[in-house]
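# Commentary on secondary and tertiary structure
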Amino acid sequence: MKNKTNVLPREGEAQPSRCPDNTAFKQQRLPAWKPQLTIASVLSSFFLTGAFCLTVGVCLVLSANSVREIQIDYSDKCSDCSKLRENSSNWNKECHCSVNFTLKENILGDVFMYYGLQNFYQNHRRYVISRSDAQLLGRNVNIQRSYCAPFSTYRNGTPMAPCGAIANSIFNDTINLFYNHNSSVIQVPLLKTGNSWWTDKNVKFRNPESYNLSSAFAGTARPPYWQKPVYLLDEEDERNNGYLNDDFIIWMRVSAFATFRNLYRRVRRVRHFTEGLPAGNYTFHISYNFPVTRFKGRKHVILSTVVWSGGSNPFLGIAYLVSGTAATLTGFVITGIHLKLRKKKTYFQRR
Amino acid sequence: MVLNWFPLVEVFHKEITMLPLVIVLLASMIKDAIEDYRKYQYDKTINFTKTRVYDKEEHAYVEKCWKDVRVGDFVQLQCNEIVPADILLLYSSDQNGICHLETANLDGETNLKQRRVVTGFSSQDTVFEPEFFQNTIICEMPNNDLNKFKGDMEQPDHEQVGLNIENLLLRGCTIRNTEAAAGIVIYAGHETKAMLNNSGPRYKRSRIEQRMNRDIFLCVGLLFVMCLVGAVGHGIWTGKFWEHPPYDVPDWNGNFVAPVLAGFYMFLTMIILLQILIPISLYVSIELVKLGQVFLIHNDIDLYDEEADLPIQCRALTITEDLGQIQYIFSDKTGTLTENKMVFRRCTVDGLEFSHQENDRRLKTQKALDLDREDFTKLQHFTLPPMNLGRAATVKPSTMRPLRRCQSDRARTQGHTRSRSVGRRDSSQSQVAFSSPIEKDVTPDSRLLRQVREAALQTESFSPFIHMKTSTSFTDFFLALAICNSVLVSTATAPRQRVTIPPPIKPSGITLEKIHQIFQRLKLASLSQSFSSSQSSSQLGASFSAKNTEEPLAVLESCDNENDSSASSGGQELQDKGSTEIGTASLDEVFRSATNTSLPTDFCYEAESPDEAALVYAAQAYGFILVSRTPEQVTVQLPQGTLLTFDILYTLGFDSVRRRMSVVVRHPLTKEIVVYTKGADSIIMDLLDNSTKGNISSDKRLKRIKERTQKHLDYYAHDGLRTLCIAKKVLNEDDFQKWANFRREAEAAIENRDELLIETAQHLETKLTLLGATGIEDRLQDGVPDTIVSLREAGIKVWVLTGDKQETAVNIAYSCKLLNQRDTVFTINTENKETCESLLNLTLEEVKKNYEYDKPQRKLFGIIPTSFSAPEAPSPEFGLVIDGRTLDVIFQGGLEEKFLALARRCRSVLCCRSTPLQKSMVVKLVRRQLKAMTLSIGDGANDVSMIQAANVGIGISGQEGMQAVMASDFAISRFKHLKKLLLVHGHWCYARLAKMVIYFFYKNVCYVNLLFWYQFFCGFSGSTMIDYWQMIFFNLFFTSVPPLLFGALDRDVSAETLLRLPELYKNGQNSEIYNLSTFIITMLDAFYQSLVCFFVPYLMYKDSDIDVFSFGNPINTISLLTILLHQALEMKTWTVLQLVVMICSVAFYLIFSIIYNAACLLCSPPTNPYWIMERQLKDPIFYLLCLITPVIALLPRFFIFALRGTLGASLVLKAQQIEKLPKEQQDLEIQKLRSRKEATSGAPVASPASNDDLDQSSSHLCVSPFLPSAAALPPRDTENQGVSASNPLGRRTHDEGCYFFNRWAEEESAATDSSAGPSSGHQPLVASRETAPGQDGGKLTKDYLKNFHYGSHRRSVSSVTL
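Residues numbered from 1 in each chain as written. Chains lettered and ligands numbered in written order. Predicted model: local features only at pLDDT ≥ 70, side-chain atom pairs only at ≥ 80, totals over all residues. Heavy atoms only, no water.

## Looking at the overall build of chain B
- Along the backbone of chain B there are 48 helices and 33 strands.
- In chain B, which comprises 1362 residues, the proportion classed as buried is 59%.
- Taking contacts inside chain B between residues at least 6 apart in sequence as the whole, the part at least 24 apart equals 76%.
- For chain B, the exposed surface amounts to about 53100 Å²; the carbon and sulfur share of it is 58%. (Helix = DSSP H or I, 4+ residues; strand = E, 2+ residues; numbered from the N terminus. Buried < 20%, exposed > 50% of the residue type's maximum accessible area, 1.4 Å probe, protein only. Contact = heavy atoms within 4.5 Å. Areas by Shrake-Rupley, 256 points an atom, 1.4 Å probe, with all protein chains shown as cover.)

Now the structure itself:
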């Protein structure tokens, strides 16, 4: 006869009870909050969300509306130049054009000048990876083994500085802004430094260590599309030269979309421009170097102010407004359904 | 990932792509490594266990590690050592050449088994010397059959000795009670039978996983489509340039690839990029979650059996959620529904029934006490666990040896002494027993006891022949009970010390002499006549005749209504007792003085099956005490105290083919060779000696005994008792010798040995003389009816597959509420294919009719009979009872579909008399054909195949060894645990896992789509806006833990509510949470959410100076928030843990991003996200985006949830709402829900009135299954058996049948409280009985005749409503 008291006992061994612990965790009795979608909680959540979204949305729309922005497409206005640039053999020839525009009202506050490109797929995978961050950190690396290929070395073995497709295709138009004030033309003072991220300028990009820049880049050559070597990007300001050039740094931060803008200059708030840009006639003087016709692209120059909620894009505000409205409406719908059902229920109960 | 190694299509760094897979693999590796290390440690301890192996050089046994034991080594073993390999026993210190083994490690059976030294070696008195061993051993290839071994040993003199399992010590067993043993290693290491049996936990694939695999294929399809879009898009995009723009970077050599080729490359690139769509980590997560679930199930205190000190064992780790989807339960009966605690209830000897009412009474009080005790333990359990533990700890060591199983804690801690005094014979029985007192104590029926005593004391009689017959029948009956078994005896004082020799008088010869001496003294004392050897020459047993009190025929007559007389016999009995006691007092004294002083007072019996033990205890109660057993001899103490030692010539063990066992013994007094056979009644009845030997009166008498016994047996079966028949046969010496030679040949044969053995056994077991039959009660486990009702409410169909008799099974089915009193029960028993088919068709039509015309019928049968008055009563449902033979016909005749069509419409199905193979075939049939989730539950070796065939196998670790447990996925100790296991854990596991799987799909699709949408803005070039590391960590760390926790811990409804509302289980049965539609809806939602998560930031940042990774960062953050909030919406319980994990996930993401973005200048060149996070954290737009996007993304889902919440659409939601209410209101609500449920479920079912219709329409084949067949068809039955109808005996049988039936019905009505059920029950019964014979159609009558010819309980079909 089998006894079930101890199924597999071992001699001389007092078995501890195999009874499981009676703890809340093991018995799955942990105190728990069980959220319930009762009518009260549902309605309150919908209405609260709606109210919140509407408030924020209104604020955002208002602030986005306060942004002043002017965008000028100059890819066609300089058709001569664009035709010239279509032929890559003319890369060396200079081409200038000017674009006039009128500001109907003052642009107050900090004014930012952007260049905009359309249909330029900076986010193309092979383009995005075609760079060497180590080289840009000023390190002496063998870029042969980096992702820069085929823009890493020339056939004779001279490495490009900076290497890669991104650097090679840098936006190299020069744009100057002139204010036609009472028939006198005043050049608007523009800041070309401080436009890039502080961390980029001070951490991510470093020039190779040497007593001067030209010797630092000795033994390297400019990328094929470049007109001048990297150490001549800004001959006036030593701290804006080489890899540390703000325009270069900004270009190297590849854009997320095919249509994008990059900060080019900021208006320096001195003399006439302490309040921003006064209304009046202005002229852009553009040295047209960057070809866009090859990929059906367009070039813009943009003057804009910035508020806390970003630029002129009102989308976020609209999104808030729409979802706020939707939430509120849903709340009402649910209330309606609930009321109807409750009537039915009471009817049933009475029966 | 391999693709990533080709530079043309490379997206990420090689290392990065490897990472997720590596981590996933690592996780599973660590898990496996821990398991393996444990195994390794265990292996090491085993491998380095020492054993003593003979060394040829040293000529002695030297210690060696287990791992160094080789085949052919000689091993010496000491007592209590574990056998290191499969060893052929060549020497045992036991003088009989026996070695005792405990096989608990192999099969969990803790009784000792005997193994013998190989024939030819047993004679050696000296210690075995391996040096001189020169025999050749030929044996079969290693196999995993623990119970078979064939081999052959050729001795130097070319004599062959057969080897069998009796000679083999199996690895893992423990040597007991044997000082030393030696043998040669036959199988070692992995070839041992124990190792070959060890298959480890099986891997089963659960239904969710199957569905998941299908959905993964859908995902692969989706991936393919997405990649195709990318490829085509890229091809077109590349092709539209007539000149390459500066951003189209040429390849390494400065060449551009053609658009088509570029498109192809892009296809491959996209596969790499979007591969996250395929949730590889899902598999690991599921495994982890299941581990957690198993842990929780394992630790459930409600599934812990205190009595056995066993929690639930989860042996399969992969199918927890299948527990929540069970549609069919296949249950064994014995040991599963019932306790498998056999209690001797009734017996019939020589055609006389002894009801053992005192025993009955005792059992009832016991039951009540048990209930008390359970309440008590529950109380104790919940209020004072430490005290309980302390007590257990103090109790256990107090027993002399922990191994001894005589001491059940239960008997100790609980007040069973009280009950013992109620109805127990004041005997020398020990307090210490192997089984609980219920089984052990048998209160003898006073009348029978008297008779037995008389029989034993009879000397001379006036009509010697008949008298002798009856008296010896009684003694023979109990001797057979005591002898014909394989029970081993041990004493309470030394439980493990086998009592093989009755101390102190050893050899049986002396005992015999003693008896003779005693008789001499008796003669001298002239108390009675001398012992007449000639008289008892044809008998067996010590028929000491002291006095003759009663006319035996009178006894026979009076026993016909023994039930009435038994009550009145109480007083009479006292008188009788008094008189006999006076008469025998001096005689008893004499015997006592001779033997009792030397006998140990209490014995523990270890039997292989509980029935045997019950019978031995029953014999003990009547004074026939089994004192000792060796393979050669068995000693029995007679009521007077005499010890009789029988030489056992052969033991033909029990097997499921023969369904009987026999022992061949030589009677010590008469020197006769007697065969005692015990077995299933149907078998024994067929083997009885039917030949007429001229003596008409004795023939008639035998026939009458047979008929009556059959009737009693039927009645026992109705009462749910297990029946066994006892028969004997006397052999003459020549026949025996002939047979013995035959047998020896069979034993020596190597081929066909099994068949030969069976054949010889069958040859012997013929022409038996019926002694009597026993009825053993197998008590229903507590909580079984309740569990079955709950499971049924949960929509699970419960089938019982049992090897038991039909009547027994049906009765158990009623008592455990498997069948309802109101149910229509169809019974199909046939051996003919055509009949079977037509019956199936007929019944099917009947059932279908009921289903189809539900509502119209209800209107038609406006008049509801009073007996079925209750309008709230659920409609009659259908039960199907089918037996093994019919199953055979069904399987062989290709009637499976019809059978299933019928069976699936029946509420419950009972398969009786089915073999293990049939059980598994039924399970497989349902599983394959109905595509249903099946669960098998059983406790014995015969359930193993069924357990393995089902989706979920559950073993009950009960009385019958560990085989079922070994084969099972989960092992519980009580049937009632099934309720919580399925309803609560099953539901939870299913809900959790299903939700988690769906969530994983959602998560991956949602996240990967972000990347996909970006392709439309980057010329399908395969670039990503999210940093690679952050992307990979996203799935791996940031969003992995909450779903895991969710999968392990979420509780949509509390355990209490789940138990109270079993309907909630249907949720899982119908796979409501995870099916194709939910999958598609979730996918669509994932698409929507990813669109929102991508396009809100896109529209926000469009036309700005945002760079790629600054754009990706908010998207990543937003999708993290959305995905986690989505999870939060899904989560139904928030414990501290979940909250912490949720917050930690977000915090970890932020901290990781900040650190990574600050520290990593060159971490993942050429793109690096330096300082992006820091910058964005200073930007209000970032926060505004992170606020609005998840809101927009989750608004629709929340809206639908809210609608569902207010509408309260599903039962689960209802249950959740109910839980919020205060206690009393909860009860009220649940009541309301349930009543509504019943109303709806009751509505479409036909009113009970249709039964009348049913009776009418099918009355020509309506026979009550509950009437004894003799009563049901009296004339034909008796006619067929060749007894004339006018025979008074026949009439009497008829009357008796009625009597039995009525009595049974009365008992039934008394037992159940319901007034309507049983009382109404037998009205239609009687009616149908009357109509049945009259309306028999021609063809069917033939069937009847054919079927009834075989015996009384083979009806072709019967359907009636009770």
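## Brief notes about the sheet that holds strand E2 (residues 96-103) of chain A
Residues and elements named next belong to chain A.
- Across the sheet, which stays open at both edges, the four strands sit in the order E2-E10-E5-E6 with antiparallel pairing between neighbours. The strands lining the two open edges of the sheet, one partner per strand, are E2 and strand E6 (184-187). Looking at each pair of strands side by side, their axes are set apart by 30 degrees on average, direction ignored. (Pairing = 2+ DSSP bridges. Axes fitted to C-alpha atoms, helices over the stretch in contact; angles between N-to-C directions.)

## Overview of the packing of aromatic side chains
- Enumeration according to the criterion identifies 82 aromatic pairs over all chains in this entry.
- Aromatic side chains Phe1148(B) and Phe1152(B) sit 6.3 Å apart centroid to centroid with 50 degrees between the ring planes, which places their arrangement in the tilted category. Taken as a pair, Phe1148(B) and Phe1152(B) lie in helix H38 (residues 1136-1159) at a separation of four residues, close to a single helical turn.
- A residue is classified by how much of its surface remains accessible, and Phe1152(B), at 16% relative accessible area, is buried.
- Between Arg253(A) and the ring centre of Trp197(A), over which it is positioned, the NZ or CZ distance is 3.6 Å.
- One Lys or Arg, Arg261(A), reaches over the ring of Tyr114(A) and ends 5.4 Å from the middle of that ring. (Phe/Tyr/Trp six-rings, centres within 6.5 Å; stacked < 30°, edge-to-face > 60°. Lys NZ or Arg CZ within 6 Å of the ring centre and 35° of its normal.)

## Looking at the state of the cysteines
- Evaluation of the coordinates by the stated rule reveals two disulfides over all chains.
- Disulfide pairing places Cys81(A) opposite Cys95(A) at an S-S distance of 1.7 Å. Handedness of the Cys81(A)-Cys95(A) disulfide follows from its S-S torsion of about -80 degrees: it is left-handed. One end of the pair, Cys81(A), is in helix H2 (residues 79-86); the other, Cys95(A), is in the loop between H2 and E2, with 14 residues separating them in the sequence. Like Cys95(A), Cys81(A) is buried.
- Disulfide pairing places Cys148(A) opposite Cys163(A) at an S-S distance of 1.8 Å. Residue Cys148(A) is located in the loop between helix H4 (133-136) and helix H5 (165-168), and its partner Cys163(A) is located in the loop between H4 and H5; the two are separated by 15 residues in the primary sequence. Grouping residues by exposure puts Cys148(A) and Cys163(A) together as buried.
- Unpaired in terms of disulfides, Cys1093(B) finds its nearest cysteine sulfur in Cys1006(B), a separation of 5.2 Å. (Disulfide = S-S within 2.5 Å.)

## Things to note about the interface of chain B and chain A
- Residue-level contacts link 128 residues of chain B with 100 residues of chain A.
- Summed over both sides, the interface between chain B and chain A buries roughly 10200 Å², with carbon and sulfur atoms accounting for 63% of that surface.
- At the junction of chain B and chain A, the tally comes to two salt bridges.
- Between Asp248(B) and Arg126(A) there is a salt bridge, with its nearest N and O atoms 3.2 Å apart.
- Inspection of the region where chain B meets chain A yields 21 residue pairs in polar contact (both at pLDDT 80 or more).
- Classifying every residue of the side of chain B that touches chain A by side-chain character gives 67 nonpolar, 34 polar and 27 charged. (Buried area = accessible area lost by both parts, 1.4 Å probe. Salt bridge = Lys/Arg side-chain N within 4 Å of Asp/Glu carboxyl O. Polar contact = N/O pair within 3.5 Å; in protein donor to acceptor, adjacent residues only side chain to side chain. Nonpolar A, V, L, I, M, F, W, Y, C, P; charged D, E, K, R; others polar.)

## Some remarks on the pattern of salt bridges
Residues and elements named next belong to chain A.
- Per the counting criterion, the structure on display carries 33 salt bridges over all chains.
- One salt bridge connects Lys-192 with Asp-234, and the closest N-O pair in it is separated by 3.3 Å. Here Lys-192, found in the loop between strand E7 (190-191) and helix H6 (198-204), pairs with Asp-234, found in the loop between helix H7 (213-216) and helix H8 (246-252); they are 42 residues apart in sequence, far enough to count as distant.
- Lys-192 sits in the partly exposed class, given a relative accessible area of 24%.
- Two residues, Glu-236 and Lys-192, come together in a salt bridge whose shortest N-O distance is 2.9 Å.

## So, the sheet that holds strand E3 (residues 74-78) of chain B
Residue and element names in this part refer to chain B.
- Spatial ordering of the open sheet is given by E2-E1-E3-E12-E4-E10, a layout of six strands whose pairing is antiparallel. Edge positions in the open sheet fall to strand E2 (60-65) and strand E10 (168-169), since each of these has one partner strand only.
- Two strands pair when backbone bridges link them, and strand E4 (residues 86-92) and strand E12 (residues 180-187) are joined in this way by six bridges, in the antiparallel orientation. Looking across to E12, one finds that Tyr-91 is bridged to Ala-182.

## Quick notes on the UniProt feature "binding site: Mg(2+)" (unreviewed entry) in chain B
Residues and elements named next belong to chain B.
- When the UniProt feature table is mapped onto this chain numbering, "binding site: Mg(2+)" (unreviewed entry) sits at Asp-332, Thr-334, Asp-939 and Asp-943. Spanning 612 residues, the named residues form one tight spatial group whose C-alpha atoms are at most 10.4 Å apart.
- Structurally, Asp-939 can be placed in the loop between strand E30 (934-938) and helix H29 (944-949).
- Judged by relative accessible area, Asp-939 falls into the buried class, the value being 1%. (UniProt positions renumbered as here; feature names shortened; annotations may be inferred.)

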